[in-house]
Every structure is written in C-alpha cells, then in structure tokens.
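Residues per chain, in single letters:
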Amino acid sequence: DTGVSQNPRHKITKRGQNVTFRCDPISEHNRLYWYRQTLGQGPEFLTYFQNEAQLEKSRLLSDRFSAERPKGSFSTLEIQRTEQGDSAMYLCASRGPTDTQYFGPGTRLTVL
Amino acid sequence: QKEVEQDPGPLSVPEGAIVSLNCTYSNSAFQYFMWYRQYSRKGPELLMYTYSSGNKEDGRFTAQVDKSSKYISLFIRDSQPSDSATYLCAMSPYTGANSKLTFGKGITLSVRP
C-alpha cells in the first residue's frame, strides 16, 4: 500500500492556459474523490467516481473543469482556460470498502 | 450558514497543555465524523473517526461526538510541538455510496516548546 499519489505537486500557469492533474489512488480502491482547498479553508468536494463512472459533480465544477477515470484506475482533472480564481490546492482521495478516505499530497495550482 | 462550523483560530498553547478543538454542524444526516491533521502544504491525514455519540480514545487523542447537540470535539493531551498543524473536522452521511466529506475550515494549532 503506497498511498495516494498526485502529479505534479505544483503547477504554475498563465491565465487562459489548460492544465491537467493526475491522481493514482491506493490500488484496488474503487472510489475516488477530487476536492479543492483554498487558503484558510477546508477542502470542498468537486466530484466522485466509483470505478470508471463519474457519479456526482459539485456545482463548483464549472464547464471548464472535466474529470475522467478511464478503466477505473488513475484519474485526471483538467481545467481549461484557467482563471486566477482557480488557484488552489487540488486534492485527490481514494476509498476502499470502509468509509475512510485517504488523501494524496495534493497539486498546488498557481494561475498568474 | 455553512453546514459545518469550526472554532476560529489560530491557537497557540505551551507544550504539555490539553487542547480542545470544536466543530458544530447543522445537517442531521451526518453520521460519520472524522478529524484530519494537515501539515503545511501537505494533504490531510486521518487522525480519528467515529460513527456514534460518545468518546473514542486513541493514545493522546480523544474524539467526542454529541449528536443531540450537533457538536464534535477533539482533545489532545500532553500536546507536543510535533502536534503543530491545521486540524480539520469532517463529516458525511453514512450512505455506503458517495460519502463525500464536508469539512470545517480548519484551525491552526501551534504548540510552543
């Protein structure tokens, strides 16, 4: 059990560019979550996958955001036409048969 | 009003002190309660979880839940400088399906040597 990994750890981009983040969950965890955390706030739910199916999306996930989990393993989160307000820590968590979610180290996005 | 409110910080205590961290919530559907610890620029790390009202102890940490008052607490005994971090309460309805977590905003604790 190597834990949840996320890449890159830090991404700096210019406004208007597209960015993609990757999350590798704990192996055999079929549930995967994305959260966003801004400075001084707790994480906020973005979206949830069970296996490859995206079952819930928060209203925070505008149409510039898209998430995928092909084959039910790793997941990607893409932000198109980034805005300065997208600057945040993007956290991925995975969950197995219990209710416990295990978080990765996060990807810190800075939009200039 | 947010679904989960956490006492504002920051909080600074001397080493060895007993620390009490508190959250209130408004959603009666919440059944699963957690405390996460987050070091600067790291992901949250699960400290404790509980489903029921009452106390749950793990070493120097005690989690307390009062569902009738919609109030949860985390107590840290004999606090250490290594406990300096941000503490987040989190909760979810126990549905067995998408148990998305709703977090408090976190409180930053500093334990002075």
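Residues numbered from 1 in each chain as written. Chains lettered and ligands numbered in written order. Predicted model: local features only at pLDDT ≥ 70, side-chain atom pairs only at ≥ 80, totals over all residues. Heavy atoms only, no water.

*Asks:* How would you summarise the sheet that holds strand β1 (residues 5–7) of chain A if you had to cite specific residues and measurements?
*Replies:* Residues and elements named next belong to chain A. Taken in spatial order, the four strands line up as β1-β3-β8-β7 in an open sheet, and their pairing is antiparallel. For this open sheet the edge positions go to β1 and β7 (65–68), each flanked by a neighbour on one side alone. Within the sheet, the average angular offset between the axes of one strand and its neighbour, ignoring direction, is 15°. Where β7 and strand β8 (residues 75–79) come together, four bridges link them in antiparallel fashion. Looking at the pairing, F65 lines up with I79 of β8. (Pairing = 2+ DSSP bridges. Helix = DSSP H or I, 4+ residues; strand = E, 2+ residues; numbered from the N terminus. Axes fitted to C-alpha atoms, helices over the stretch in contact; angles between N-to-C directions.)

*Asks:* Outline a nonpolar patch on the surface, supporting the account with residue identities and numerical values.
*Replies:* A grouping of Y49, Y51 and Y94 of chain B is seen on the molecular surface, where their side chains present a nonpolar patch of about 310 Å² in accessible area. Among the secondary structure elements, Y49 of chain B is positioned in strand β5 (residues 45–50). (Patch = residues over 30% accessible without salt bridge, like charges linked within 9 Å, V, L, I, M, F, W, Y side chains within 5 Å. Areas by Shrake-Rupley, 256 points an atom, 1.4 Å probe, with all protein chains shown as cover. Salt bridge = Lys/Arg side-chain N within 4 Å of Asp/Glu carboxyl O.)

*Asks:* Any chance you could break down the state of the cysteines for me, citing the residues and the numbers?
*Replies:* Residue and element names in this part refer to chain B. Overall, the coordinates contain two disulfides over all chains when judged by the stated rule. Here C23 engages in a disulfide with C89; their sulfurs sit 2.0 Å apart. Given an S-S torsion of about -100°, the disulfide between C23 and C89 has left-handed geometry. Taken as a pair, C23 in strand β3 (residues 19–25) and C89 in strand β9 (residues 85–92) lie far apart in primary sequence, 66 residues in all. The exposure class assigned to C23 is buried, which follows from its relative accessible area of 1%. Residue C89 is classed as buried on the basis of its relative accessible area of 0%. (Disulfide = S-S within 2.5 Å. Buried < 20%, exposed > 50% of the residue type's maximum accessible area, 1.4 Å probe, protein only.)

*Asks:* Please set out the interface of chain B and chain A residue by residue, giving values where relevant.
*Replies:* The partner chain A presents 22 residues to the 22 residues of chain B that form the contact. Our count for the contact surface shared by chain B and chain A stands at one salt bridge. A salt bridge links K100 of chain B to E56 of chain A; its shortest N-O distance comes to 2.6 Å. Elements supplying a minimum of two residues to the side of chain B that touches chain A: β4 (32–38) and β5 of chain B. With three residues, β4 of chain B is the single largest residue contributor to the side of chain B that touches chain A. Looking at the side of chain B that touches chain A, its residues break down into eleven nonpolar, six polar and five charged. (Contact = heavy atoms within 4.5 Å. Nonpolar A, V, L, I, M, F, W, Y, C, P; charged D, E, K, R; others polar.)

*Asks:* Would you mind going over the environment of D86 of chain A in detail, with residue names and values included?
*Replies:* Residues and elements named next belong to chain A. Looking at the secondary structure, you find D86 in the loop between β8 and β9 (88–95). On the basis of relative accessibility, which here comes to 3%, the residue D86 falls in the buried class. Remark: the alpha-carbon pair of D86 and S58, spanning 28 residues in sequence, is separated by 15 Å.

*Asks:* Can you tell me about the packing of aromatic side chains, naming the residues and giving the values?
*Replies:* Taken as a whole and assessed by the stated rule, the structure comprises 14 aromatic pairs over all chains. With centroids separated by 5.9 Å and ring planes inclined at 90°, the aromatic side chains of Y35 of chain A and F103 of chain B adopt a geometry described as edge-to-face. In this pair, Y35 of chain A is assigned in strand β4 (residues 31–37) and F103 of chain B in strand β10 (residues 102–103), connecting two distinct chains. A single burial state applies to Y35 of chain A and to F103 of chain B, both of which are buried. Consider the rings of F103 of chain A and F103 of chain B, whose centres lie 6.0 Å apart with planes at 75°: the pair is edge-to-face. Placement of F103 of chain A in strand β10 (residues 101–103) and of F103 of chain B in strand β10 is noted, with the two residues assigned to different chains. Each of the two residues, F103 of chain A as well as F103 of chain B, counts as buried. (Phe/Tyr/Trp six-rings, centres within 6.5 Å; stacked < 30°, edge-to-face > 60°.)

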